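If you want the building blocks of each chain, they are given just below.
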Amino acid sequence: MKIVFATHNPNKLKEVKELLPSNIILLSLDDIGCFEEIPETGKTLEENAKIKADHITKQYGLDCFSDDTGLLIDALDGAPGVYSARYAGPKKNASDNMAKVLKKLDGIQNRSAHFKTVIHLNLAGEAHSFKGVVEGTITEKAIGTGGFGYDPIFKPEGFSKTFGELPLDIKNEISHRGRAIQKLVSFLEKRM
Ligand code: IMP
């Protein structure tokens, strides 16, 4: 079985490849000759994941899945949410994004937040969706140098360290993306 993962990110591809059974051949966008940036014009994570997977399935006639992730902060009514990558501007700068969050939460007691990943899968003419969530809190300042994006300001529930401090294998086990991928993998294993 061949499936496209609609990503240009080699780290994401590697992470998923390691979890999939070896009889599933995972192709990246580069592998199928798609070098464009598929526009994420949806207003929700679900819409964006579907837009990307549908684009590939329609243009290339291939089974495909794609993911979209956001950080949703309770006190900010779910912001930055679907706009997480560009929260502080089009440069998609992680330090600027974190600084903006910390400024907005300055003096606010409720620091609850969650990361959410949505995976949309087009397989044999059917659409399927998988979600992964990790609850946590936003710290008062950035701690740790590991991970990426908002990791240094996000402390997952049940842990005293941020994603920026925790080892990658622990993050992958409990993270939003890890959980969504685990659901996708067990679905695909049943279909083999
Ligand atoms: P994407 O949909 O995976 O590209 O994620 C959108 C944005 O959410 C990224 O640019 C990051 O700012 C943020 N993000 C996604 N996943 C993570 C994560 O695991 N840790 C921290 N930030 C993340």
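Details of the structure are given in the entry above.
Rules behind the numbers
Residues numbered from 1 in each chain as written. Predicted model: local features only at pLDDT ≥ 70, side-chain atom pairs only at ≥ 80, totals over all residues. Heavy atoms only, no water. Helix = DSSP H or I, 4+ residues; strand = E, 2+ residues; numbered from the N terminus. Rg over C-alpha atoms; globule rule 2.2 N^0.38 Å. Buried < 20%, exposed > 50% of the residue type's maximum accessible area, 1.4 Å probe, protein only. Pairing = 2+ DSSP bridges. 1 Å grid on protein atoms, 1.4 Å probe; cavity = no way out; pocket = protein on both sides within 12 Å on 5 of 7 lines; lining within 4 Å. Points joined across faces, edges and corners; volume = space filled by probe spheres on them. Nonpolar A, V, L, I, M, F, W, Y, C, P; charged D, E, K, R; others polar.

(A) Spotlight on the overall build of the protein chain. When helices and strands are tallied, the protein chain shows 5 helices and 7 strands. Taken from N to C terminus, the helices and strands of the protein chain fall in the order β-α-β-α-β-β-α-β-β-β-α-α. Taken against the 2.2 N^0.38 rule, which gives 16 Å for 192 residues, the C-alpha radius of gyration of the protein chain at 17 Å falls within 12% of a compact globule. Counting only C-alpha atoms, the protein chain reaches 50 × 30 × 25 Å along its principal axes.

(B) Examining the pairing of strand 5 (residues 112-123) more closely. Most of strand 5 is tucked away: 11 of the 12 residues are buried. Relative to strand 5, strand 3 (residues 64-73) runs antiparallel, the two being bridged by 10 bridges. In the sheet register, Gly-70 faces strand 5, and the bridge partner there is Lys-116. Summarising the sheet, strand 5 and strand 6 (residues 126-138) pair through 12 bridges and their orientation is antiparallel. In the sheet register, Ile-119 faces strand 6, and the bridge partner there is Phe-130.

(C) Focus on the layout of surface pockets. Considering only enclosed or pocket space, the largest pocket measures out at about 1,300 Å³ in volume. Contributing to the lining of the largest pocket are 41 residues, with Asn-9, Lys-12, Ala-85, Phe-148 and Arg-177 lying nearest its centre. Elements represented by at least two residues in the lining of the largest pocket include exactly helix 1 (10-19), helix 2 (45-60), strand 3, helix 3 (94-104), helix 4 (168-174) and helix 5 (176-191). For the lining of the largest pocket, the class distribution of residues is 12 nonpolar, 15 polar and 14 charged.

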